[in-house]
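# Structural overview
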Amino acid sequence: MWQADRTMANPKASDILGHVLLVTGPEEFLNQRTVSSALAAVRAADPESEQSETMAASLTIAALGDLAAPSLFSSIRCVVVRELEDLPDESVDGLVEYAAAPSDEVGLVLVHSGGQKGTGVLNKLRKLPLVTEVKSATLKPSEFGRFVAGEVRSHGGRIDDEASALLVQAVGQDLRALAGAAHQLTSDFPDEPISESVVKRYFAGRAEVKSFAVADAALYGRTAAALEELRWALDSGTATVLVTSAFANGLRGLARFMAAPRGMREADLAREAGVPPWKIRVLREQSRGWDDRGVAEAITAVAQADADVKGASSDAAYALERMVLRVAGARSGR
Amino acid sequence: MTTVAPGAVWRTLVGQHHVADTLARAAAGQGMTHAWLFTGPPGSGRSNAALAFAAALQCPQGGCGECHACHTALAGTHPDVSVTRSETSMLYIKDMRELVVRSALVPVEKRWQVMLIEDADRLGDAGGRTANTLLKSIEEPTPKTVWLLCAPTLEDVPQTIRSRCRHVALSTPTAEQVAAFLVEKDGTAPPLAAFAARASQGHIGRARALARDEATRNRRREVVALPGRLTSLGACMNAAANLIDIAKDETEAITDAANARELAELDATYGDDRKAKASRTYRAALRELTHSQKQRQKRREMDVIDRSLMDLTSVYRDVIAVQAGAPGALVNEESRTDVADLARRTSPESNLRRIDAIFFARNQMSEFNATPLLTLEAMMIALRV
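Source: prediction; values computed, not measured.

### Quick word on the sheet that holds strand β5 (residues 131-135) of chain A
All names here are of chain A. With respect to topology, five strands assemble into an open sheet ordered β2-β3-β4-β1-β5, the strand pairing being parallel. Of all strands in the sheet, those with a lone pairing partner are β2 (50-55) and β5, marking the two edges. Direction aside, the axes of adjacent strands within the sheet are offset by 15° on average. Here strand β1 (residues 20-24) pairs with β5 via five bridges, running parallel.

Encoded structure:
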């Protein structure tokens with residue numbers, strides 16, 4: 001739903017003044033952006049306009065009265081009220097009353113931080129004709145690439161799909177960081193499309209490595225890659241027990257797959273190995289290069305590491321590295 | 001030194017005559033002290049011994065087993081006997097603080113304020129803060145207060161606590177003693193009693209469960225049959241998964257009913273009102289209940305797994321006994337052919353290593369909370385024939 005943001009990306013002052021803008025949704029970064037663009041629109045229309053911010057918790061009935069009262073200088077005003085969920089109960093009616101007939105010279109922006117609290121006020125406000133709601137939604141993993149592309153475009157640049165995917169992988173799924181990265185790249189490369197190599201030069205490394213990527217690399221026997229992935233995983237805060245359990249699951253599937261009788265149908269094989277059917281192909285590939293003895297050795301190493309990361313050894317990172325080496329070593333030992 | 005004729009309360013103890021004498025004399029006033037630590041292998045009747053001692057202390061006749069004081073003390077309803085047992089994996093500091101307060105009260109019936117902790121081995125968190133909470137009270141309790149702590153071994157209790165207690169060591173009862181107890185107390189048929197006593201290796205509670213319940217016997221038979229089958233990697237993985245399943249089955253049989261009952265009680269407290277159920281306090285109470293139920297479930301599962309490991313150990317013990325030509329009955333006499341078969345296929349050294357592997361796995365789980373399935377898989381691999 002971040003596209004909704006784009007519809008309000010360039011609001012006119014007339015959309016804000018005499019209206020109430022309701023900003024909701026869990027993505028704090030997108031919410032802030034909506035607020036900023038509203039403020040910018042009003043300021044563009046009248047550079048003399050007065051802008052103020054307040055917390056909903058301090059919005060008493062008296063303060064509400066000030067909102068609507070004509071100002072001595074009759075200047076145009078834009079008021080941002082944050083944390084609408086903390087609005088005192090006694091002020092609810094006053095606010096709804098004001099929102100029903102907002103003053104023409106005041107733009108009121110109400111920001112709700114998401115969650116269940118304060119939904120009563122939101123529902124009352126939503127029913128009013130002069131209230132516009134802009135709601136941000138959490139992005140799906142598949143949408144981050146498009147978000148980056150949109151950011152780059154808004155700065156007048158271009159980026160291809162591979163490069164934006166790489167950027168998401170490198171920076172992580174934090175919208176603020178992604179927007180910042182997109183801004184930086186477009187200002188440093190104003191006239192050329194942003195390519196993978198540019199992204200690599202600026203953002204080497206990975207932000208998020210899933211623990212099973214480490215296990216998969218080790219089971220394929222790619223020792224160096226596994227160690228590298230492990231480092232990234234640990235540096236980005238992956239819990240050590242997730243790594244050992246990913247290894248345990250991988251090896252369990254492998255052992256059960258290898259123990260299954262030959263010539264089984266794939267669906268039965270999946271049930272036997274206790275993995276989803278698509279995993280069978282992976283297991284078949286991985287199982288080349290493994291024998292019973294190696295798997296047994298690897299499982300022993302993982303079991304030891306599991307106790308190690310839970311306190312049997314003083315250095316969890318070292319215990320995991322040793323586990324990766326022992327597992328990968330057990331494979332080549334055929 | 002005069003010998004006090006042991007009262008009826010001591011008769012529930014199996015094979016612990018020397019201990020019963022000491023305790024009976026103490027209850028009569030000879031050598032009484034303020035803190036006692038009962039140790040003995042699981043199932044030897046530590047908490048029963050402590051409870052019998054509590055009854056003897058409260059009973060005007062030193063444990064007649066007939067009077068009101070004896071009955072209520074043994075049933076756990078005596079006002080001056082507080083019994084603490086942990087249903088999860090540990091004792092919590094907040095509960096211990098409450099115990100300290102209670103221990104300072106004057107006994108209602110003017111004899112003793114008995115503070116019994118059934119699993120003092122679960123006091124030891126890393127910093128020892130839980131144990132430290134009790135230190136002062138155990139060291140110098142009020143004149144009428146007596147602490148009775150139970151633990152498998154001395155080493156399971158923090159040094160600071162240990163040194164403040166008088167030690168009572170219980171021994172493992174012999175199979176004959178356990179069998180006789182089963183026949184006398186439960187009216188078990190002698191052959192079944194003999195089997196249960198042997199298979200339990202002196203664990204009285206386990207022997208009773210084996211004697212009473214067909215399903216328990218079947219589960220044990222499955223576990224005991226495992227070692228001979230561990231011939232391939234696949235078999236090892238299956239065996240580990242089976243062991244977990246057996247533990248889950250057995251635990252669910254016990255906990256499901258209790259969980260449902262507790263939930264019904266909670267619902268009754270809050271009423272059937274929909275509004276009450278949507279309330280924050282109800283949701284919080286429900287969360288706490290399910291959390292403690294989960295912890296209890298985990299603890300029980302671990303207990304069952306632990307017992308299965310002991311059953312496995314008994315098989316290897318038998319195999320070594322056969323290999324060494326040791327006289328006497330096997331623990332698993334009824335599967336002697338399997339044992340003999342295993343004895344032919346393996347060497348005594350390798351079986352000692354297998355027993356080591358079992359104890360290693362047990363330690364990994366109890367000390368470091370290692371994942372049971374993974375630990376058992378590694379263990380089964382080490383047991384492979």
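### Thoughts on the packing of helix α13 (residues 240-259) of chain A against helix α16 (residues 292-312) of chain A
Residues and elements named next belong to chain A. Running from amino to carboxyl end, α13 crosses α16 at an angle of 160°, the nearest separation of the two axes being 10 Å. The orientation of α13 with respect to α16, classified from their angle, is roughly antiparallel. Of the two possible hands of crossing, α13 and α16 adopt the one that is left-handed. In contact with Thr240, Val241, Thr244, Phe247, Ala248, Leu251, Leu254, Ala255 and Met258 of α13, α16 contributes Asp292, Val295, Ala298, Ile299, Val302, Ala305, Asp306, Val309 and Lys310. Considered class by class, the residues forming the contact of α13 with α16 number 13 nonpolar, two polar and three charged.

### Things to note about the nonpolar core
Ranked by internal contacts, the top residues of the largest apolar core, which has 77 residues, are Phe247 and Trp290 of chain A together with Met380 of chain B. The contacts of Met380 of chain B, once residues within four sequence positions are left out, are Leu226, Leu230, Cys236, Ala239, Ala240, Leu243 and Leu312 of chain B. Counting 34 residues, the second-largest nonpolar core is a separate cluster that includes Phe53, Cys59, Cys64 and Val146 of chain B.

### With respect to the packing of aromatic side chains
Residues and elements named next belong to chain B. One pass over the structure, following the stated rule, counts three aromatic pairs over all chains. Their ring planes at 70° and their centres at 5.0 Å tell us that Trp36 and Phe53 sit as a pair that is edge-to-face. Linking Trp36 in strand β1 (residues 35-39) with Phe53 in helix α2 (residues 46-58), this pair joins segments that are 17 residues apart in sequence. We classify Phe53 as buried; its relative accessible area is 0%. Judged by centre distance (5.2 Å) and plane angle (75°), the rings of Tyr270 and Tyr282 are edge-to-face. Within this pair, whereas Tyr270 is found in helix α11 (residues 233-270), its partner Tyr282 is found in helix α13 (residues 280-324), the two being separated by twelve residues in sequence. Taken together, the aromatic side chains of Trp36, Phe38 and Phe53 make up a single cluster linked through ring pairs.

Reading the values: the criteria
Every chain begins its residue count from 1, and numbering advances along the sequence as written. In the order they appear in the text, chains get letters beginning with A and ligands get numbers beginning with 1. Totals for whole chains, interfaces and linings use all residues, but because this is a predicted model, local features are given only for residues with pLDDT of at least 70 and pairs of side-chain atoms are given and counted only at 80 or more. Calculated side-chain values reflect all of the structure's heavy atoms, with hydrogen atoms and water omitted. When DSSP finds two or more bridges between two strands, those strands count as paired. Only runs of H or I of at least four residues qualify as helices and only runs of E of at least two qualify as strands under DSSP, and these elements are numbered from the N terminus. Here the axes come from fitting lines to C-alpha atoms, over the contacting stretch only for helices, and the angles between their N-to-C directions go from 0 to 180 degrees. When an angle is under 35 degrees it counts as roughly parallel; over 145 it counts as roughly antiparallel; between 65 and 115 it counts as roughly perpendicular; any other value is oblique. Crossing chirality is assigned from the near helix's rotation relative to the far helix, an anticlockwise turn below a right angle marking it left-handed and a clockwise turn marking it right-handed. Two residues form a contact once any of their heavy atoms are found within 4.5 Å. Under the scheme applied here, ten amino acids are nonpolar (Ala, Val, Leu, Ile, Met, Phe, Trp, Tyr, Cys and Pro), four are charged (Asp, Glu, Lys and Arg), and all others, including Gly, are polar. Side-chain atoms within 4.5 Å are what join buried Ala, Val, Leu, Ile, Met, Phe, Trp, Tyr and Cys residues into a set we call a nonpolar core. Between buried and exposed lies partly exposed: a residue is buried under 20% and exposed over 50% of the maximum accessible area for its type, with that area taken using a 1.4 Å probe on protein chains only. Here a Phe, Tyr or Trp ring, Trp counted by its six-membered ring, pairs with any other such ring whose centre lies within 6.5 Å, and the pair is stacked when the planes are under 30 degrees apart, edge-to-face when over 60, and tilted otherwise.

Any functional reading would require information that these geometric values do not contain.
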